[in-house]
Amino acid sequence: MANFSKSNVPQFSVDVYQNEFLPEGGREVNGIVTVTSTGGGTTGGIPLPGAAAAPGYGPGQAPSAAVVLMVDCSGSMDYPPTKMRNARDATAAAIDTLREGTRFSVVAGTHVAKDVYPGNGQLAVADARTKAQAKEALRKLSAGGGTAIGTWLRLTDRLLGAADVDIRHGILLTDGRNEHEAPEDLRAALDSCAGRFTCDARGVGTDWEVKEVTSIASALLGTADIVADPAGLAADFTQMMENAMGKEVADVALRLWTPVGVEIRFVKQVAPTVEDLTGRRTEAPPRAGDYPTGSWGDESRDYHVCVLVPEAGIGQEMLAARVSLILPDPSGTEAPQVLSQGLVRAVWTDDMVASTSINPQVAHYTGQAELAQVIQQGLDARKSGDFDGATAKLGRAVQLASASGNQDTAKLLSKVVDVVDAATGTVRLKAKVAEADEMTLETRSTKTVRVKK
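Residues numbered from 1 in each chain as written. Predicted model: local features only at pLDDT ≥ 70, side-chain atom pairs only at ≥ 80, totals over all residues. Heavy atoms only, no water.

J.: How should the overall build of the protein chain be read in this particular structure?
T.: When helices and strands are counted, the protein chain shows 11 helices and 21 strands. Referenced to the eigenvectors of the C-alpha coordinate spread, the extents of the protein chain come out at roughly 75 × 60 × 40 Å. Residues classed as buried in the protein chain amount to 50% of the 453 residues present. Long-range contacts, defined as pairs at least 24 residues apart, comprise 76% of the intrachain contacts of the protein chain with a sequence gap of at least 6. Of the roughly 19500 Å² that the protein chain leaves accessible, carbon and sulfur atoms contribute 51%. Each charge class in the protein chain can be summarised by its mean position, and for the 45 positive and 56 negative side chains these summaries are 3 Å apart. (Helix = DSSP H or I, 4+ residues; strand = E, 2+ residues; numbered from the N terminus. Buried < 20%, exposed > 50% of the residue type's maximum accessible area, 1.4 Å probe, protein only. Contact = heavy atoms within 4.5 Å. Areas by Shrake-Rupley, 256 points an atom, 1.4 Å probe, with all protein chains shown as cover. Lys, Arg positive; Asp, Glu negative; His and termini not counted. Charge placed at Lys NZ, Arg CZ, Asp CG, Glu CD.)

J.: Can you walk me through helix H4 (residues 183-193) in this structure?
T.: Side chains that are three or four residues apart share a direction in an α-helix, a result of its 3.6 residues per turn. By the burial criterion, the buried members of H4 are Leu186, Ala189, Leu190 and Cys193. The buried residues of H4 all sit within an arc of 100° when viewed along its axis, so they share a single face. Close packing links the buried residues of H4 with helix H3 (149-161) and helix H5 (210-219). Among the residues trailing H4, Gly195 stands out with phi positive, at a value near 85°. (Arc of directions from axis to C-beta.)

J.: Help me understand the pattern of salt bridges, please; the structure alone is not making it clear to me.
T.: Across all of its chains, the model carries 26 salt bridges by this definition. Between Asp225 and Lys447 there is a salt bridge, with its nearest N and O atoms 3.8 Å apart. Here Asp225 is found in strand E11 (residues 224-227), whereas its partner Lys447 is found in the segment after helix H11 (435-443), with 222 residues between them in sequence. What makes Asp225 buried here is its relative accessible area of 9%. In this structure Lys447 comes out as partly exposed when scored by relative accessible area, which is 35%. In this structure, Glu283 and Arg281 form a salt bridge, with 2.8 Å as the shortest nitrogen-oxygen distance. One salt-bridge network, held together by shared partners, links Lys211, Asp380, Lys383 and Glu442. (Salt bridge = Lys/Arg side-chain N within 4 Å of Asp/Glu carboxyl O.)

J.: Would you explain the sheet that holds strand E18 (residues 317-327) in this entry?
T.: Sheets are built from strands that pair by backbone hydrogen bonding, the pairs being arranged parallel or antiparallel. An order of E2-E19-E18-E12-E16-E15 is seen for the six strands of this open sheet, with the pairing classed as mixed. Two strands in the sheet have a free side with no partner beyond their single neighbour: strand E2 (21-22) and strand E15 (282-283). The pairing of strand E12 (residues 249-257) with E18 spans five bridges and is classified as antiparallel. Residue pairing for E18: Leu256 is matched across the bridge by Val323. (Pairing = 2+ DSSP bridges.)

J.: I keep staring at the packing of H5 against H11 and nothing clicks. Help me out?
T.: Axis angle and axis distance: for two packed helices, these are the angle between their axes and the distance between the axes, and together they describe the pair. Closest axis-to-axis distance for the H5/H11 pair is 10 Å, and the angle between their directions is 30°. Considered as vectors, H5 and H11 are oriented roughly parallel to each other. The two elements H5 and H11 cross, and the hand of that crossing is right-handed. Where H5 approaches H11, its residues Val210, Lys211 and Thr214 are matched on the opposing element by Met439, Glu442 and Thr443. Looking at side-chain class alone, the contact of H5 with H11 contains two nonpolar, two polar and two charged residues. (Axes fitted to C-alpha atoms, helices over the stretch in contact; angles between N-to-C directions. Parallel < 35°, antiparallel > 145°, perpendicular 65-115°, else oblique. Left-handed = near helix turned anticlockwise from the far one by under 90°. Nonpolar A, V, L, I, M, F, W, Y, C, P; charged D, E, K, R; others polar.)

J.: What exactly am I supposed to notice about the nonpolar core here?
T.: One recurring pattern in soluble globular proteins: nonpolar side chains tend to sit buried together. Leu69, Ile95, Leu98, Phe104, Leu233, Phe237 and Met241 are the most contacted members of the largest nonpolar core, which totals 35 residues. Listed by contribution, the elements that provide at least two residues to this core are strand E5 (65-72), helix H1 (81-97), strand E6 (103-109), helix H2 (128-139), strand E9 (167-174) and helix H6 (233-245). Listed in part, the 30 residues of the second largest apolar core include Leu155, Ala163, Leu186 and Ile216. (Core = buried A, V, L, I, M, F, W, Y, C linked by side-chain atoms within 4.5 Å.)

J.: Which parts of the structure should I look at to understand the side chain of Thr156?
T.: Position of Thr156 among the secondary structure elements: in helix H3. On the basis of relative accessibility, which here comes to 0%, the residue Thr156 falls in the buried class. A polar atom in the side chain of Thr156 sits 2.9 Å from the backbone oxygen of Trp152. Ignoring anything within four residues of it in the chain, the contact list for Thr156 reads Val68, Met70, Val107 and Phe197. (Polar contact = N/O pair within 3.5 Å; in protein donor to acceptor, adjacent residues only side chain to side chain.)

J.: Please explain the environment of Glu442 as it appears in this structure.
T.: Examined against the element boundaries, Glu442 turns out to sit in helix H11. On the accessibility criterion, Glu442 (5% relative accessible area) is buried. Expressed as a C-alpha distance, the spacing of Glu442 and Phe21, which sit 421 residues apart in the sequence, is 37 Å. Non-local contacts of Glu442, meaning those with residues more than four positions away in its chain, are made with Val210, Lys211, Gln376, Leu379 and Lys383.

J.: I'm lost on unusual backbone geometry in this one. Help?
T.: Trans peptide bonds make up the majority, and among non-glycine residues the majority have a negative phi. Residue Tyr79 is joined to Pro80 through a cis peptide bond whose omega torsion reads -10°. Along the chain, the position of Pro80 falls in the loop between E5 and H1. Of note, the phi angle at Asn120 is positive, near 60°, even though the residue is not glycine. Mapped onto the elements of the fold, Asn120 is located in the loop between strand E7 (113-117) and strand E8 (124-125). Even without glycine at this site, Asp251 takes up a positive phi of about 60°. Its location among the elements puts Asp251 in strand E12.

Take a look at the structure:
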């Protein structure tokens, strides 16, 4: 586990990769923004050039954190009975991974939500005694009842909201579909929880709905994955909790300022996963908007910013956008802290070679975003019986995965299609596909690879 001290509080840097040159009449400007946080986890605290430190903690201190573990206890968790046992063991492993002093709670989720430890709407403080008590409470969990995930999330929000901490995080496990509340109830719960805590979501087995689980993680800026074999839950939960304990600063936002006349086409996270943030903008006048990025530890992420600038003549140049990483003041009384900045430029030229060259990072992530899209379209077509459409889309996915070196996605695709020629995207749909293989491809379709250096 990371050793937290003032010397390894995260340092943030922003790097912009783009081809700033446009032909006469050109308007679309693209930039890949790489945000790197270092020194918060394992790399030591060497500041990057131009980087600013996040708010510091005293020697030997870690940011205060609260975690709620939501365990599906619906009736289906008893089929087979090993599933419930594996869920209890996995949650116990996650509790063992909690940093001393972390506030935590365990919620049993059915058609209602119940905080089974410590109970009474409270959070426990992690130490040897409370961890042992929590694991004892886990042993009493049994399967029975329905599934209403929105109620689990609302209870988690109440528990976390009562804690005066820096980091608020949830871990959610389900094995089934959200059958005991309306889809709009889950959406309303996600809307009310968004920005209040982050949440990782896991589906165990193959009887759950991929779009439900991924939508939870997407809305709450966490990760989503499948654990097809319940025996793998403990290792997965331990890794999730280690990642949660490595978070150093929360509520970081990407602020995009644009001059008069510039239109924003989109803002997307493109690594480590594709996540469209365009619709999550909150205005930050004058002429700026904030896009949420959630909590950060020792890590690096890439964002694709695309804007339309006014037409200009050859030889002219302009600042198309200023990208800042900001940390709002919790009290709202002071200006947010700027952690780092980068600039997106536009320069009009009559040099055709310069203006038609596509920046490698932009080209790569445009392909990765398309890869995620065509996998989803191909799987949807396959489910609806449109096998020609599925073959075309999944063939394009194979081609993109091969060209970009996304070997993990290529392997997942090979379990759904027979690859005749990866370079041309020539494939045949497999006659039989294991449900776990199809769900794994769908769940992990947005995972990307970084640009080859």
